[in-house]
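A structural walkthrough
The lines below spell out each chain.
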Amino acid sequence: MLEGEKMPTVLCTADCNPACHVTWTTNNDRVSGNGTLSLGRLDTSKDGTYTCTARGGTRTETVTINVTTSYGPKTISLSPPGDVSVEEEERIDVRCQASCSPSCDICWTGPNTYQAGRRGPNLLIRHADRTDRGVYVCVASNDYGNISTSLRVNVNYAGSDIKLVPNDTHYSDKEGTVLPDIRCVAECNPACEMSWYHDRTGRLVVGSTLSLKNMKRSKDGNYMCNATNNLGPQTLSLTVVSLFPPEVLRKDLLNTSYDVDEWDSVFSSISVDASPLPQADLVHVGVDQQEATNVVLQSQRQPVSYRTEFSYSIRNITYSDVGHYTLTVSNSQGDFTYKFSINIIHEGSFGNGGGASHLTAVLVIIVVTVSIAIMLVIVALIFVFRRKQNRERQDKNSGDSDGTLNGEHNVLYGHQEDAPAGLRGFPQQPVDDAEGFIGIHDAEGRPKPVNDVYAEVVRPSSNNRPASAGPSNVYGTGTKPSATDRAKSAGPRDIYSTVSKPTAGKNQELGPETTRTTNKDGLVYLEVDFTKKTDGEETGKVAIHGIENKCDYGEIDFSKKVNLPEDMEN
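Let me sum up the structure you'll find in this document. The model shown is predicted, which means the values in this text are computed figures rather than measured ones.

This model, assessed by the stated rule, comprises 9 salt bridges. A salt bridge links Arg-59 to Glu-61; the nearest nitrogen and oxygen atoms lie 3.3 Å apart. A relative accessible area of 47% places Glu-61 in the partly exposed class. A salt bridge links Asp-93 to Arg-91; the shortest N-O distance between them is 3.9 Å. Residue classification places Asp-93 among the partly exposed residues on the basis of a relative accessible area of 38%.

Structure, rendered in structure tokens:
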């Protein structure tokens, strides 16, 4: 029966003798003891199964009735509860439930036509998009009534459908023209923050409206509208270009007249601001209607600016180039005119014909070229001649094959035998073992003065060559002592000379530890001076170059090796 209606009394009887005892129970609870069931007005709390029991003697009989209360939907709920917020392409799944008797039919309605009127407890959208955004209603109904509930579906997305109002992305007009306010709109969820960015100035304007008012070249450039929310930005660009006629910078620097010599050249340029890009034309009006033939006009546009530089040149000016010139720079907004003239004040050496003057210049070039060539030939011949002289001198210095050297080149040689008393820094008395000591003597064994030239020197083997070097790093040869028998002497350049070791008891300190300098043949260098007595007489003693009280010195030049007989090789 319908909820709230009064249920009739139900009487339960049994044919018994003696009379039976009749009771009503439900869920093992006794509700009546006289066979009469009276529930009154029904509600869902009285729903259930009622049992009538008749007992007589040892026998029992039962009968049951079911009580069901019918009602319209009382409650309705969603799972999960509350509104739904997703991003595009995400899944939506919501279940609707209602308390009804008998059971309710459930239907969904919403903004998406595909979902409108959909039956069943579940609202399922597998790939949400912005068209699924809105309010959805769940309706539960049966024969006794209906009930509904709603939820809001929010689909988030970045700015889309961005556009400008007025719908124009390029403005190009004369300077001073009034521009309308430009508004940028975009569909965003959640709502976007709007801003404008100017690429030339880097200026950022917050808000959806761009107000430029008058066209002006300082306002030209690209304006970027940015629509940004937590899902990212969307952009749309707008270009503004002001138009104006050519404007020349620094007109006061332009030359209006060129007074030149014949065959001179004229170079100049002007810088022009203009929008759109200007063109230039250079017109010549010459004397006796002659046309200039040597005129070159060029242009170069400066990047990211309105500036164009026009340069012109007139080379090797002749009388055909004399006259008036008009340079016109123009664009769709206007033009600029610059006029100048060229006059020849000094003619060529052959009059004003021009061709003779050109011939003179050519002849001058030829004469200069020939003169330079002759000078180069002379220098080359001198170089070859000097090389030949040096080669002959070197061949002459190489000496005879018998081990003696010609002494014509002021080279100091000495016998190995009968060494003098010693060199500066060496023992002052003769060395007992003079082998390997280079003595400076003549053929009879007498000491020679510094400026004399000597002819003989014993040539050691190639493995035993010490060396002595003058300022020109030239070589001297002598017998090289063994490694254990080397005394040393140091000059200002810290170089070594090798000599025989003095006998025991006669050693003297020969100078500080220094670095030996050796040439490619293994010879050691030494710079030496020959000291003098106070009366001017040479002592024959050698002083290391650079030490105090040094006297004049001679260069020991052994740049050429000596070819000695085999019996003198050692």
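A separate point is the side chain of Ser-70. Within the secondary structure layout, Ser-70 lies in the loop between β8 (59-67) and β9 (76-79). Not counting the four nearest positions on each side in its chain, Ser-70 is found in contact with Met-1, Leu-2, Glu-3, Ser-101 and Tyr-144.

Among the nonpolar cores identified, the biggest contains 22 residues, and Tyr-258, Ile-270, Tyr-312, Tyr-338, Phe-340 and Ile-342 are the most heavily contacted of them. When contributions to this core are tallied by element, the ones reaching two or more residues are β24 (257-261), β25 (266-275), β28 (307-314), β29 (323-331) and β30 (334-346). A total of 5 residues in this core trace back to one element, the largest contributor, which is β30. By size, the runner-up hydrophobic cluster in this structure holds 21 residues, among which are Val-94, Leu-123, Ala-128 and Cys-138.

Together, Leu-363, Ile-366, Val-370, Ile-374, Ile-378 and Ile-382 line one region of the surface with nonpolar side chains, adding up to about 530 Å² of accessible area. With respect to the element layout, Ile-378 can be found in helix α1 (residues 355-397). We classify Ile-378 as partly exposed; its relative accessible area is 45%.

Another point: the environment of Asn-255. Considering the arrangement of structural elements, one finds Asn-255 in the loop between β23 (232-248) and β24. In this structure, the C-alpha to C-alpha distance between Asn-255 and Tyr-338, residues 83 residues apart in sequence, is 9.4 Å.

In terms of strand pairing, strand β3 (residues 21-26) meets strand β7 (residues 48-56) through 5 bridges, oriented antiparallel. From the neighbouring strand, Thr-23 faces β7, where its bridge partner is Thr-53. As paired strands, β7 and β8 are joined by 9 bridges and run antiparallel to one another. From the neighbouring strand, Gly-48 faces β8, where its bridge partner is Val-67. Counting the residues between successive antiparallel strands, the hairpin from β7 to β8 contains 2 residues, one of them, Gly-57, with a positive phi of roughly 60°.

This brings us to the side chain of Ser-341. Of note, Ser-341 is situated in strand β30. Taking relative accessible area as the criterion, Ser-341 reaches 11% and is therefore assigned buried. Apart from the residues lying within four places of it in its own chain, the contact partners of Ser-341 are Thr-256, Ser-257, Tyr-258, Gly-323 and His-324.

Along the chain, Leu-249 falls in the loop between β23 and β24. For the pair formed by Leu-249 and Ile-270, sequence separation is 21 residues and the distance between their alpha carbons is 7.4 Å. Leu-249 has contacts with Ser-271, Asp-273 and Arg-307, leaving out every residue within four places of it along the chain.

Taken as a whole and assessed by the stated rule, the structure comprises 6 aromatic pairs. Residues Phe-244 and Tyr-306 carry aromatic rings whose centres are separated by 5.3 Å and whose planes lie at 70° to one another, so their mutual orientation is edge-to-face. Here Tyr-306 lies in the loop between β27 (295-301) and β28 and Phe-244 lies in strand β23, a separation of 62 residues in the sequence. Summarising the burial analysis for this pair, Phe-244 and Tyr-306 share the class buried. Taking the centre distance of 6.4 Å and the plane angle of 45° together, the rings of Tyr-312 and Tyr-338 count as tilted. Here the residue Tyr-312 occupies a position in strand β28, and Tyr-338 occupies one in strand β30, the gap between them amounting to 26 residues. A relative accessible area of 2% places Tyr-312 in the buried class. Put simply, the rings of Tyr-258, Tyr-312, Tyr-325, Tyr-338 and Phe-340 pair up and form one aromatic cluster. When the ring centre of Tyr-71 is taken as origin, the NZ or CZ atom of Lys-74, which lies over that ring, is 4.5 Å away.

The full count for this structure, using the stated rule, is 6 disulfides. Disulfide pairing is shown between Cys-100 and Cys-104; the S-S distance is 1.8 Å. Residues Cys-100 and Cys-104 are joined by a disulfide whose S-S torsion is about -105°; by sign, that bridge is left-handed. A single burial state applies to Cys-100 and to Cys-104, both of which are buried.

What counts, and where the lines are drawn
- Residues numbered from 1 in each chain as written.
- Predicted model: local features only at pLDDT ≥ 70, side-chain atom pairs only at ≥ 80, totals over all residues.
- Heavy atoms only, no water.
- Salt bridge = Lys/Arg side-chain N within 4 Å of Asp/Glu carboxyl O.
- Buried < 20%, exposed > 50% of the residue type's maximum accessible area, 1.4 Å probe, protein only.
- Helix = DSSP H or I, 4+ residues; strand = E, 2+ residues; numbered from the N terminus.
- Contact = heavy atoms within 4.5 Å.
- Core = buried A, V, L, I, M, F, W, Y, C linked by side-chain atoms within 4.5 Å.
- Patch = residues over 30% accessible without salt bridge, like charges linked within 9 Å, V, L, I, M, F, W, Y side chains within 5 Å.
- Areas by Shrake-Rupley, 256 points an atom, 1.4 Å probe, with all protein chains shown as cover.
- Pairing = 2+ DSSP bridges.
- Phe/Tyr/Trp six-rings, centres within 6.5 Å; stacked < 30°, edge-to-face > 60°.
- Lys NZ or Arg CZ within 6 Å of the ring centre and 35° of its normal.
- Disulfide = S-S within 2.5 Å.

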